[in-house]
Amino acid sequence: MKKVFLIAFLAFFGIAQAQVTFRPGLRGGVNLSHFTKGDSYTYYDGIDYERTERDFSSKTDFYLGFYGALRLAKYYTLQPEFDYTRQGSKFTDFDGNKRQLDISYLSMAIANKFTFTDKFNIHFGPTIDFQVENNFDVDSDVDLAFFLGAGYNFNKNFGIEIRAKKGIIPVLDFSESSHTNVVFSLGATYTFDTK
């Protein structure tokens, strides 16, 4: 128990001694998204019943948003984010037709960013995504997800980042199987000077 109090005290002392800063910024880039494969389906092809899996593949789209970087300690920044993100998936139906499923979200995320040098950071956290547009029947208007990413800052304003995000609420349900969002993002950031 003493160790827990000592760690909490040192963490609080480190935050208290750090110069807390807040800097807003913009982020945007490319999404490569798809739905998880899910279980096999049983379908009737006119002659017999067959089991198969839908083949979901990635579609390319974009995300755009803004953030507020609240630097609480030398190595830690708490970064709330608000994004518009276009996601979805491509797939081939049982008749061999290629289709594209599009879905757009307004996303709120909390990034926990750990900076190891002035240039390199890793970040992770949860998101809650509210569906605003789609071209198919969506099973849930809300998605909860978690992301993990890394970033590199060229200077105090410009940077790049890469992330992987995995949803946990089914967005699509074809009778026997449900599918969740998977998104890989690559983009740029611009942090404003506030002095």
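Calculation rules
- Every chain is numbered on its own, with residues counted from 1 as its sequence reads.
- Restriction of local features to residues with pLDDT of at least 70 applies here, the model being predicted, together with a cutoff of 80 or more for giving and counting side-chain atom pairs; totals for whole chains, interfaces and linings are based on all residues.
- Side-chain calculation: all heavy atoms of the structure are included, whereas hydrogens and water are not.
- Here a helix means four or more residues in a row that DSSP labels H or I, a strand means two or more in a row labelled E, and each is numbered from the N terminus.
- Only protein chains enter the calculation, and the probe is 1.4 Å; a residue is then buried if its accessible area is under 20% of its type maximum, exposed if over 50%, and partly exposed in between.
- In this description, contact between two residues means that some pair of their heavy atoms is separated by no more than 4.5 Å.
- To be clear on the numbers: accessible area is Shrake-Rupley with a 1.4 Å probe, and residue cover counts the displayed protein chains and nothing else.
- Within this scheme, the nonpolar core is defined by two criteria: the residues are buried Ala, Val, Leu, Ile, Met, Phe, Trp, Tyr or Cys, and they are joined through side-chain atoms within 4.5 Å.
- Strand pairing requires that DSSP identify at least two bridges connecting the strands.
- We count a salt bridge whenever a side-chain nitrogen from Lys or Arg sits within 4 Å of a carboxyl oxygen from Asp or Glu.
- Stacked, tilted and edge-to-face pairs are distinguished by plane angle, under 30 degrees for stacked and over 60 for edge-to-face with tilted covering the rest, among Phe, Tyr and Trp rings (Trp via its six-membered ring) whose centres lie within 6.5 Å.

Draft legend 1. Representation of the overall build of the chain. For the chain, the helix and strand inventory stands at one helix and 13 strands. When burial is assessed residue by residue, the chain has 39% of its 195 residues classed as buried. Considering only residue pairs separated by 6 or more positions, the chain has 63% of its internal contacts joining residues 24 or more positions apart. Here the chain has roughly 11600 Å² of accessible surface; of this, 63% comes from carbon and sulfur atoms.

Draft legend 2. The environment of N97, seen in detail. Relative to the elements of secondary structure, N97 occurs in the loop between strand 6 (76–92) and strand 7 (98–115). Taking the relative accessible area as the measure of exposure, N97 reaches 42% and is therefore partly exposed.

Draft legend 3. Looking closely at the nonpolar core. Core analysis: the largest hydrophobic core is formed by 10 residues, namely F35, F56, F91, L101, I103, Y105, F136, V138, V171 and L172. At three residues, the largest contribution of residues to this core is made by strand 7.

Draft legend 4. Focus on the pairing of strand 6. In this sheet, strand 6 lies alongside strand 4 (residues 55–57) in antiparallel orientation, the contact comprising three bridges. Following the sheet pairing, S57 is matched in strand 6 by K90. As judged from the seven bridges shared by strand 5 (residues 59–71) and strand 6, these two strands associate in the antiparallel manner. Residue pairing in the sheet places F66 in a bridge with F82 of strand 6. Taking the residues between adjacent antiparallel strands as the criterion, strand 5 and strand 6 are bridged by four residues.

Draft legend 5. View of the pattern of salt bridges. Overall, the coordinates contain 11 salt bridges when judged by the stated rule. R27 is the partner of E81 in a salt bridge, and the nearest nitrogen-oxygen pair spans 3.9 Å. Placement of E81 in strand 6 and of R27 in strand 1 (residues 21–35) is noted, with a sequence separation of 54 residues between them. Overall, the relative accessible area of 4% leaves R27 in the buried class. Residue K59 is joined to D61 by a salt bridge in which the shortest nitrogen-to-oxygen separation is 2.7 Å. Given a relative accessible area of 1%, K59 falls into the buried group.

Draft legend 6. The packing of aromatic side chains, seen in detail. Under the criterion given, the structure shown has 11 aromatic pairs. Taken together, a centroid distance of 5.2 Å and an interplanar angle of 50° make the contact between Y76 and F114 tilted. Separated by 38 residues along the polypeptide, Y76 in strand 6 and F114 in strand 7 bring together distant segments of the chain. We classify F114 as partly exposed; its relative accessible area is 30%. Centroid distance Y190 to F192: 5.0 Å. Interplanar angle 80°. Geometry classified as edge-to-face.

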